[in-house]
Amino acid sequence: MMFSAAFLVQALLASAAFALPSSKDRLASRRARRSGDVARTRQSKPVNIITSPQVSAAVGNASHPEFSSNWAGAVLVASTATYKSVTGTFTVPTPKSTGGSGEQCASAWVGIDGDTCETAILQTGVDFCVSGSAVSFDAWYEFFPADSFDFSGFSVSAGDSVTVTATVISTTEGTLTIENNSKGTSASKTVTSTARLCETNAEWIVEDFEECEGNDCELVPFANFGTVEFTGASATTSSGTVTPVGATIFDIEQNSVLTSVSQSGSTVTVEFV
C-alpha cells in the first residue's frame, strides 16, 4: 500500500501530539528527577552577577540594586568568617504561569554563602511550580556543590507559613531545618561536605534554580510567584544577632527585570514584576 508524503507527515505529527505528557506526567517526571530515578537533578547555584545590566540601577525599590540571572533578595556580606546561622519566615505563594505550556518554577530559601564565597552554600527552602492548572511544592535542603534533596514526608501547601533555618556546625557541616507553622510540623537534616563554607554571606533569596544532566545545567522557566516576604529575617554571628539592614540587594534580570526587592528592618520583600 502506498502513502503520500503529506499523509506520512500528518501521521507523524499526530502521533507526536498524542505522545505529549500531561501536566500530571510532567509533575511526576520532575518528582522522579528529584528522587534520583533519572539522570536530571535540581540545584541551587551561587549568584550569577550581571556586570553590565541592560537597565538602570534605579529600577526596583532599592536605590542601587545589583542584578543577576538567578537570585533576587538580600545578602549580607562580611570580609571574614562571620555568619553562624540564618533564618526567615515566609508564606508559600501560589505560582502562576507567565505563558506557554511547560512547567515554570521558583524557589524561596535562606542560606549561608554563595555570593562572595562561591565554593559552597548551606541552604534550605521551598520550590513552587506550576504546569497548566496544576501547582506543586517541594521542601528541600542542599549543601552546594552537592545536589538538593527533598525533606522526606514533609508537605507544604500554598498559604502555609514556613520558617527556614540554616546553621553552621563547622565549615564542612551544618544543620538545615524547616518548620511548617500552619501545620505544626518540622523536619531537620544535618549534612556534610568536602567543600568548605566561608561564613561570609547570609542571604534571603527567591531563585530561578537549575536542573542538570551531568554537568549540563539550565535555568528552569521562571514562574510568576507574586510576592515572597521574609519576616523575622536574621543572622547570628559570634557577637550577636543582626538583621538584613545594609544588605546587598539583588534583582533578577533575564532580558528584562523580573523582580523588585525591598528591605526594611527584619523584613525582605521580593515581588515578581
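Residues numbered from 1 in each chain as written. Predicted model: local features only at pLDDT ≥ 70, side-chain atom pairs only at ≥ 80, totals over all residues. Heavy atoms only, no water.

- For the protein chain, an unreviewed UniProt entry supplies the name Acid proteinase and the organism Lentinula edodes.

1. Here's the deal with the overall build of the protein chain
Here is step 1: Of the regular secondary structure elements, the protein chain holds 2 helices and 20 strands.
Here is step 2: Taking all 273 residues of the protein chain together, the buried fraction comes to 48%.
Here is step 3: Long-range pairs, those at least 24 residues apart, make up 69% of the contacts in the protein chain with a sequence separation of at least 6.
Here is step 4: Total accessible area on the protein chain stands at roughly 12200 Å², and carbon and sulfur atoms take up 53% of it. (Helix = DSSP H or I, 4+ residues; strand = E, 2+ residues; numbered from the N terminus. Buried < 20%, exposed > 50% of the residue type's maximum accessible area, 1.4 Å probe, protein only. Contact = heavy atoms within 4.5 Å. Areas by Shrake-Rupley, 256 points an atom, 1.4 Å probe, with all protein chains shown as cover.)

2. Thoughts on the UniProt feature "active site" (unreviewed entry) in the protein chain
Here is step 1: Summarizing the sequence annotation, UniProt attributes the feature "active site" (unreviewed entry) to E207 in the numbering used throughout.
Here is step 2: In this structure, E207 sits in strand β12 (residues 201–207).
Here is step 3: On the basis of relative accessibility, which here comes to 1%, the residue E207 falls in the buried class.
Here is step 4: Those residues in contact with E207, other than ones at most four positions away along the chain, are S44, K45, N70, W71, A106, S107, W109 and F222.
Here is step 5: At 2.7 Å, the side chain of E207 forms a polar contact with the side chain of S44. (UniProt positions renumbered as here; feature names shortened; annotations may be inferred. Polar contact = N/O pair within 3.5 Å; in protein donor to acceptor, adjacent residues only side chain to side chain.)

3. Re the sheet that holds strand β14 (residues 216–219)
Here is step 1: Reading across from one edge, β1-β13-β14 is the order of the 3 strands in this open sheet, with antiparallel pairing throughout. The two strands at the open ends of the sheet, each matched to only one other strand, are β1 (40–43) and β14. The average angle at which neighbouring strand axes cross in this sheet is 30°, direction not considered. (Pairing = 2+ DSSP bridges. Axes fitted to C-alpha atoms, helices over the stretch in contact; angles between N-to-C directions.)

4. Remarks on the packing of aromatic side chains
Here is step 1: Taken as a whole, this structure holds 8 aromatic pairs when the rule is applied.
Here is step 2: Above the ring of W140, the side-chain terminus of R42 is found at 4.0 Å from the ring centroid.
Here is step 3: In this structure, R42 packs its charged tip against the face of F209, placed 4.3 Å from the ring centre. (Phe/Tyr/Trp six-rings, centres within 6.5 Å; stacked < 30°, edge-to-face > 60°. Lys NZ or Arg CZ within 6 Å of the ring centre and 35° of its normal.)

5. Some details on the confidence of the model for the protein chain
Detailed reading of the predicted model is not advised wherever pLDDT is low.
Here is step 1: Taken as a whole, the protein chain shows an average pLDDT of 86; of its residues, 82% reach a score of 70 or greater.
Here is step 2: Here residues 33–37 is modelled with pLDDT under 50, and outside its nearest four sequence neighbours on either side it reaches 11 contacts, counting other chains as well.
Here is step 3: Of the regions scoring below 50 in pLDDT, residues 57–61 engages in 16 contacts with residues more than four places distant in sequence or in other chains. (pLDDT = per-residue confidence, 0-100.)

6. Overview of the environment of S238
Here is step 1: By the element assignment, S238 lies in the loop between β15 (227–237) and β16 (240–242).
Here is step 2: A relative accessible area of 74% places S238 in the exposed class.
Here is step 3: Taking C-alpha positions, S238 is 9.7 Å from A81, a pair spaced 157 residues apart along the chain.
Here is step 4: Contacts of S238, omitting those with residues within four sequence positions, involve T82 and K84.

7. Let's talk about the state of the cysteines
Here is step 1: As enumerated under the stated definition, the model contains 3 disulfides in all.
Here is step 2: C212 shares a disulfide with C217; S-S distance 2.1 Å. Across the S-S bond linking C212 and C217, the dihedral sits near 110°, which makes this disulfide right-handed. (Disulfide = S-S within 2.5 Å.)

8. Side note on the nonpolar core
Here is step 1: Counting 50 residues, the largest nonpolar core has F90, L122, W204, V206, F225 and F230 as the members making the most contacts within it.
Here is step 2: Core analysis: the next-biggest nonpolar cluster, separate from the first, contains 9 residues, V47, W71, W109 and W140 among them. (Core = buried A, V, L, I, M, F, W, Y, C linked by side-chain atoms within 4.5 Å.)

9. Some thoughts on the side chain of S68
Here is step 1: Mapped onto the secondary structure, S68 falls in strand β2 (residues 66–68).
Here is step 2: A residue is classified by how much of its surface remains accessible, and S68, at 0% relative accessible area, is buried.
Here is step 3: Polar side-chain contacts of S68 include one of 2.7 Å to the backbone nitrogen of W71.
Here is step 4: Here S68 is in contact with V47, N48, I49, I50, F250, D251, I252 and E253, once residues within four sequence places are set aside.

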